[in-house]
Amino acid sequence: MLYDTWDGCYCGGKVADFLCVWNPATREYKKIPHSPNSPNAFLQGDVCIHGLSYYGKNEDYKFVIGACSDKSGLTTLVEVFSVRSNSWKTIETPYRFTYDEQKSGVLINGDLHWLAKTEHGVCIVYLDSSSDFPSFKEIQLPRIPNLEFVSVGVLEEGRLCVVVDNGGHVGLGRVEVWELKVYGVPESWTKRHVISNETITQAVVNKTFAFKSSVMKIIWSFKNGNIVFLCSDDVVLYDPKHGTAIERNLERFAAFDSEVNYVESLVSIHTLKWGTELLEESTEDESTEDELTEDEST
């Protein structure tokens, strides 16, 4: 499974196997050591969030993975691996990240963002990666009655946004996209798009009433304003100017475990700062290398 990507490098692994950082362009990868606090929990358990971020000031990549420690409560156990220190840190959060099915964090300003449920309601939660002791912080959502927050994303200007179901009827502008014009200032939430196209609205209805396992989320936003949505195996290109949508089903091509935006890079994994000791080399396991090469070709 691919958990996330940054600067041409993937972070991923297989259930009950191992985690690694992998650059398919250079065909290099390095294993991430198991966490000493919970060596098997995130490889065999119920992963509810994950992501990979980079903070330029301290030149550190951080891999984040979390699993709900109490399915009946509002707690999630999160582990953060720092490439720079070659070590894990454990954070027990007062959030439930399975509020929606968007596991991969949305990267803005070097920090990963998710929707989460708290004892006071729903908010956006992000991992502040600026220090050696990362912590979670909150951004409040628009305080408008009867809004259901579907997913979090980023628009072409690099602004944080949320996809919203306003509870209306299909075809009457049920879906909205709100953007945070000034990062970290909740009062700057502004309604950017009102969507009445049934390709989009019906996907939200299906998720709400037919218990589909995926949500409508933004995976790309173009400079001309067009937006690419993903819901389950369906990709939708939406043109806000004309209100039109083109839908394509990808089920015949592959079965999706996760999806990430990828930009190729020739950055060598071996040049990254891996702390005082290099992570375990993969040369001893030729069969695993063959598996990763096969994944790249597909």
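Just above, that's the structure.
What comes next concerns the included structure. (Residues numbered from 1 in each chain as written. Predicted model: local features only at pLDDT ≥ 70, side-chain atom pairs only at ≥ 80, totals over all residues. Heavy atoms only, no water.)

**Digging into the nonpolar core**
Heads up, the rule is: Joining through side-chain atoms within 4.5 Å is the link that ties buried Ala, Val, Leu, Ile, Met, Phe, Trp, Tyr and Cys residues into a set, and such a set is a nonpolar core. Whether a residue is buried, partly exposed or exposed follows from its accessible area with a 1.4 Å probe, protein chains only, as a fraction of its type maximum: under 20%, in between, or over 50%, in that order. Only DSSP runs of H or I covering at least 4 residues are called helices, and only runs of E covering at least 2 are called strands; the numbering of each starts at the N terminus. Two residues form a contact once any of their heavy atoms are found within 4.5 Å.
Counting residues in hydrophobic clusters, the biggest one holds 18 residues, and the most contacted among them are Ile195, Ile200, Met216, Ile218 and Phe229. Breaking this core down by element, the ones donating at least two residues are strand S14 (160-165), strand S15 (175-180), helix H2 (198-209), strand S18 (227-231) and strand S19 (234-239). Once residues lying within four places of it in the same chain are set aside, the contact partners of Ile218 are Ser151, Val154, Leu155, Cys161, Val163, Val177, Ile227, Val228 and Phe229.

**Some details on the sheet that holds strand S11 (residues 121-128)**
Rules: Strands are treated as partners if at least two bridges between them are detected by DSSP. What counts as an axis is a line fitted to C-alpha atoms, over the stretch in contact for a helix, and the angles between N-to-C directions run from 0 to 180 degrees.
With antiparallel pairing, the four strands of this open sheet are ordered in space as S9-S10-S11-S12. The open sheet is flanked by strand S9 (106-108) and strand S12 (135-139), the only strands paired with a single partner. Along the sheet, successive strands turn relative to each other by an average axial angle of 40 degrees, direction set aside. Both S11 and S12 contribute to a ladder of five bridges, which runs antiparallel.

**A word on a nonpolar patch on the surface**
Our working rule: Patches here are clusters of residues that have more than 30% relative accessible area and form no salt bridge, with a 9 Å joining cutoff for like charges and a 5 Å cutoff for nonpolar side chains (Val, Leu, Ile, Met, Phe, Trp, Tyr). We get accessible surface area from the Shrake-Rupley algorithm with a probe of 1.4 Å; when it comes to residues, only the shown protein chains can shield them. Only one rule defines a salt bridge in this text: a Lys or Arg side-chain nitrogen within 4 Å of an Asp or Glu carboxyl oxygen.
On the surface, a cluster of nonpolar side chains totalling about 360 Å² of accessible area is made up of Trp220, Phe222, Leu237 and Ile246. One can find Ile246 in strand S20 (residues 244-249). With relative accessibility at 46%, the residue Ile246 sits in the partly exposed group.

**Section: the pattern of salt bridges**
What the rule picks out here adds up to eight salt bridges. Among the salt bridges present, the one from Lys62 reaches Asp60, with a minimum N-O distance of 3.0 Å. Each member of the pair, Lys62 together with Asp60, is buried. We note a salt bridge from Arg159 to Glu179, for which the minimum N-O separation is 3.7 Å. Residue Arg159 is found in the loop between strand S13 (148-154) and S14, and its partner Glu179 is found in strand S15; the two are separated by 20 residues along the sequence. Beyond isolated ion pairs, a larger network of salt bridges with shared partners links Glu156, Glu157, Arg159, Glu179 and Arg192.

**Structural notes on unusual backbone geometry**
In this structure, Arg27 is a non-glycine residue whose phi angle is positive, near 60 degrees. In this structure, Arg27 sits in the loop between strand S3 (19-23) and strand S4 (28-32). Classification of Arg27 as exposed rests on a relative accessible area of 51%. The backbone of Asn146 sits at a positive phi, close to 70 degrees, despite the residue not being glycine. Tracing the sequence through the fold places Asn146 in the loop between S12 and S13.

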